[in-house]
Structures are given as C-alpha cells and as structure tokens.
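Coordinate analysis (summary)
Listed here are the chains, written in short residue letters.
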Amino acid sequence: MEMKKGTTMGERLTCTLKGVAASPGIGVGRPFVLKRGELRGETWSAPREEVDGKTILQGDVEQTLEHWKAVVGALQGQYEELIREAESETVRRVLESQMMILQDPELQASIERAIQVEFLSLPRAICREIGLWADRWASSGADWVEERVTDLLSVQDDLILMLHGGQREYPLTGQTILFADELAPVEMIRIARTSLKGVVLQRAGHTSHAVILAKSLGLPCVVGVDWMGAEPGLHDVALVDGNFGEVLLSPSGSVLKERREKATKLTGWEGSEEQSTRCGASFVLRANIEYLMEMDRMQHQGARGVGLLRTESMLMSEGVWSLERQVGFYRTVLKKAGNEPVTIRLFDAGGDKGQPDEVSETNPFLGWRGVRMLLDRPDLLQLQLEAILRASGGEPGRVSVMIPMVTFLEEIDCVRSVMRNVMDDLDARGVMFDRNIPFGVMMEVPALVLQAKAVAERVDFMSIGTNDLIQYTLAADRGNERVASHFEPRHPAVWKLVGLLRDASVQRGCSLRVCGEMASEPVYAAAFLGFGVRELSMGVQEVPAVRSHLTEVSIEEAELLAHSLVAADCMREVHATFEAWKKNYLL
C-alpha cells in the first residue's frame, strides 16, 4: 500500500493498493465494502456451533426430506429464472454450472443419508456434507479447485438462505466500486444489476467465476488486493485500474484524467494491426483458456489462438471422461479460435474429487498430478490422446499436445510411445488425424530445465510454465499467504533458468514459448522477448496491455534487458534493472 503525499481529496490522502489485473478497464465510483454478514442478512444461518448441535427425531425424517426437496426445487427455480434473464452466454454458462452443483445426485444423496441415518437437521446436513466436499476438493491442491470450492459454498449459502426464507438485498446506491473478500457467481450476477462500476477482491484468481463474469459484464476488476487496512469505506472516491492491477482511493482529478487516457490507449487495438516490435520483429500473443466462455473475448482482445487450453477443470467438473464429449469440446474450441492454432495441455489434475481414484495427499503440489497420474492411468491418457487426435483431423498444424508436470526424460518418451500406439490404432480403423501434430512439454520443474538440451531433442516446443517453475525453484507454495513474499518472479535464479532454456532452444532448434502468469506482465513479457521467446500466452484480458508495450520496444533493447537479468546475482540488482526499464519505457 502506498500513501502519496500532496494529493488529497478532503482530508484523505491518496492511497494506492496493488493487486493483479483481472478484468480490463477503468472504473470510478464510491467505495462500498461488502461484508459477508451484510450479504446474508440476519436470517442467513445459525452460527456453526449451533448448526453442529442440531438433530431431529426419527419421526421427523420424512417431513425433513420433503422440506429438503422443496428447498432444492425453489432454488432451482431461482437459478432457472436468472438463466432466462441472462444477457450473455457467459452469464448463462456460469449459472448453469451452479445448477449442475445443485442437481448433483451424489451431493443430494449424501445430504439425504445424513438426515435418514444420522438424524441431522436440514441446516446441519447441508452445511456438513457440502463442507466435507469442499474440504476434499480443497485438499487436492489443483490450481482450479479454489474457484470450484467458492461455487460449491455459494450453493450452500443459497440453500441456507432459501431454507430460512430470506431475500438478498444489496444496499448499493449511485456509481459504486465494490470491495469484497470474494464473490460467489450468483452474488456477482445479482450485484451487477446495480450501478456497479468496478470490483476489488481479496481472494480470487483469474479463472474464478466472479472474474469471468466481470470480464463478460465489462466491469474492471482487480484481485489479490489486501484492502482491509486501507479502510476504503472512509474514502469518497475509488478508482479501479483493471489494466495495471491497481486500486486508488481518493485519487486527484489529474490522476483520474491520466488513468482514463491510458485506458483509452490500451483498448484501442484494431484486429488488422500486426503484432510486431518497434524494429519490425514479429511476436504472437495467444490466450490461456479454461472455459469456452472466455473465447468469446479472445479475438476482440487481439489474442491469436490458444497457447494453453486447460482441460481438467471443464472436463472434471462435468465428469467428462467419454471420448465423444472430449472430441466435441476440442472441436468447439477449434471452431471458436477461427483459423488460429490451439495448444491442448493434457490433464493436470490429481487427488481431487473428479479424479477416478480417491487420493488424499499431504502435499498435492509435489504429488500425484499431471503426467505422473496419466502414466499410472494409461486408459485416461489413451482416451485423451485419441480425442485430441480425432479433433485434429481436417485441421493440419492447428492442434498441439503439451505434457504437464514432467520431471524425467523417460516420461516424455512414454507419452510419445502411447501416442504412437493410439495413432497406429486410428490408422487401422481409417480415422483421420494430423500425423505431424506438434508435441511439446511444460517446463515447470527445475530438474527438467537442467536437462533442457535433451528435452529439446525430443519435442517440437518447450513452454515455460512460470507459476510452478517459480514455486518449485524457490520452495514457496504459491497459494500460501505466509510465504507470499518468497514467491518472487524477479528472483535471479528464475531468470538464470530461463537463460538455460533459451540456450537449449537455440542450440537444438526447438521453439520456446511462455504460458505462465509472468507473460501477462508487460515488463516480464519484454524480458522474455529478449530471451528469444516469440510466442507468449496469457489471460485474454491481459493481451492489450502486453501488446501495447511490446510494440514500443526493439529486440535489441529487450536482449539487453535479458542479458542484465542473467548477469544479476541478487534481488537488488534485478529490481534496479526492472525499475530502470519501467522508467524508460512505461512511465
């Protein structure tokens, strides 16, 4: 948090809060802090200790079950009404995902068993069973689970509210900037009907439904903001900068004007304009995609194809292991991408509820995930490879396969072998597929980076997964707030590893890409350009800002930046290098 002296509004100093840009644009309004109790109202639910202590008599079981079915039916009716009134496909799909959770037969059966067998009261049965599901999902450590847990708890909250006959009311008046810890998707949709101008969240990721909805609704959004100490409710005006990931409390008139001018520049992209540096060198910006709904904004933002298609969240949330549904999903993505390429990452999941095997792990980030799980479950690997190959038929050169969480060279060889067997089988059955489908690896484990030259001899491309590469290199859990300061993208060791990958790429003639979050930061993107990377993939909303910056620099300047980073030995030197770059090219 920064307090800037000399810029005041009333008696409040301008306060700048840092976060992560999640939905582009500038929003200005009166700050409103949404407390969880205010959302739910006094009839929301009993305190946990009261709910935990409630049971029913055996004779009340049938009546309780009837009440449960009525509550589910009433909430389903509410969701159906919201779906009918949805103004976009994105909103509709998010609501449908909530409906799927509500209608999940296994979840409903577990709540009914708790009532019939243990004689739990309805509020206690709902809270306990959904809580157990949430705990089981959260313990998996998969990067998409946190958002699904939020969705699950949102359904719980709606059920409890419906149980008590409460109605949601949002005391928002005038142009408002909403500050919240997190927002469930249905909350987001309902609140967006007011005069909402921007959203600031403490806990949410780029793939959370609240963020996806903010993008669809055109609301600037910044996440990961520690705003509580700044007391935004005491300020008269707040500005949300969804392009640069900042929130300004009590900004001056001149600052408001400056931010709006920057936003206009960043959103002025025209589809016919080339992606090239000031010196004429071409680069390509692609999108990281998890949901089909995200693709609706892809071309508008200037992203050319999909550099990372995450398959586990969409498929596992729907229990989609069937060949037909997978092929349909991939073909839909290809259709929405136009003529641009799509890189499909194999399932990167392990230990979560959606997985065929129930697994509980102490440290899932270092556990049974990615290629480790796939090689232990060859049936799933073969199924996904067949689906990808079938989808590639008639689309030569457009589909690429990428392996996650690789540690050993032998894992690459094994997946290659399985893919060749699947190809032979398809050949025998006369099924059309791309015989020269590009094959690549996520470079996210330091052990594999140290063998980059051998990797480059085995694959068509290497894609740097910066999130996990940083986490494993610095021994800092990227989801642990206590060690957040240790999860440092600027660490010299990270850039030295990137240098090793650059050298291997050049020596072996293997394409080098980046698909992690660092690609979405303009300064880091310029550095990657200097390391020889010409293809970067990021969240759709980040593309305009990165493109705007890269078009204003030359390859020579970017190479000098990369050289300085590799030569740096401490954080102070790296920090000074980036600050000098920002001063020369961003300020």
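Look up a bit, the structure's there.
Presented here is an overview of the structure given in this document. For clarity, every value in this text was computed on a predicted model and none was experimentally measured.

1. Considering the overall build of the protein chain
Helices and strands together make up the secondary structure of the protein chain, namely 23 helices and 17 strands. Out of the 587 residues in the protein chain, the part that is buried amounts to 57%. Across the protein chain, every contact between residues at least 6 apart in sequence was considered, and the portion connecting residues at least 24 apart equals 68%. Summed over all atoms, the accessible surface of the protein chain reaches about 24900 Å², with 49% contributed by carbon and sulfur.

2. Considering the packing of helix α19 (residues 492-508) against helix α22 (residues 555-567)
Interaxial distance between α19 and α22 falls to 8 Å at its minimum, and their mutual angle equals 120 degrees. The orientation of α19 relative to α22 falls into the category oblique. By crossing handedness, the relation of α19 to α22 is classed as left-handed. Residue-level inspection shows Trp495, Lys496 and Gly499 of α19 in contact with α22, the latter providing Leu565, Val566 and Ala567. Here the residues of the contact of α19 with α22 are counted per class, giving four nonpolar, one polar and one charged.

3. Concerning the sheet that holds strand β13 (residues 399-403)
Read around the barrel, eight strands follow the order β10-β11-β12-β13-β14-β15-β16-β17 and close on themselves; strand pairing throughout is parallel. Neighbour-to-neighbour, the strand axes of this sheet turn through a mean angle of 25 degrees, independent of strand direction. For strand β15 (residues 461-464) and strand β16 (residues 511-514), the ladder comprises four bridges, and the chain directions are parallel. Bridging from a neighbouring strand, Phe461 pairs with Ser511 of β16. Here helix α15 (residues 409-428) sits on the sheet and contacts β13 and β14 (439-443); the angle it forms with β14, its principal contact strand, is near 150 degrees.

4. Section: the nonpolar core
In this structure, Leu309, Leu346, Met462, Trp495, Phe528, Leu536 and Leu550 are the most contacted members of the largest nonpolar core, which totals 98 residues. Among the elements that take part in this core, α15 stands out by supplying eight residues, more than any other. If you look at the next biggest cluster of nonpolar residues, it comprises 59 residues, including Ile56, Ile115, Leu159 and Met188.

Calculation notes
Residues numbered from 1 in each chain as written. Predicted model: local features only at pLDDT ≥ 70, side-chain atom pairs only at ≥ 80, totals over all residues. Heavy atoms only, no water. Helix = DSSP H or I, 4+ residues; strand = E, 2+ residues; numbered from the N terminus. Buried < 20%, exposed > 50% of the residue type's maximum accessible area, 1.4 Å probe, protein only. Contact = heavy atoms within 4.5 Å. Areas by Shrake-Rupley, 256 points an atom, 1.4 Å probe, with all protein chains shown as cover. Axes fitted to C-alpha atoms, helices over the stretch in contact; angles between N-to-C directions. Parallel < 35°, antiparallel > 145°, perpendicular 65-115°, else oblique. Left-handed = near helix turned anticlockwise from the far one by under 90°. Nonpolar A, V, L, I, M, F, W, Y, C, P; charged D, E, K, R; others polar. Pairing = 2+ DSSP bridges. Core = buried A, V, L, I, M, F, W, Y, C linked by side-chain atoms within 4.5 Å.

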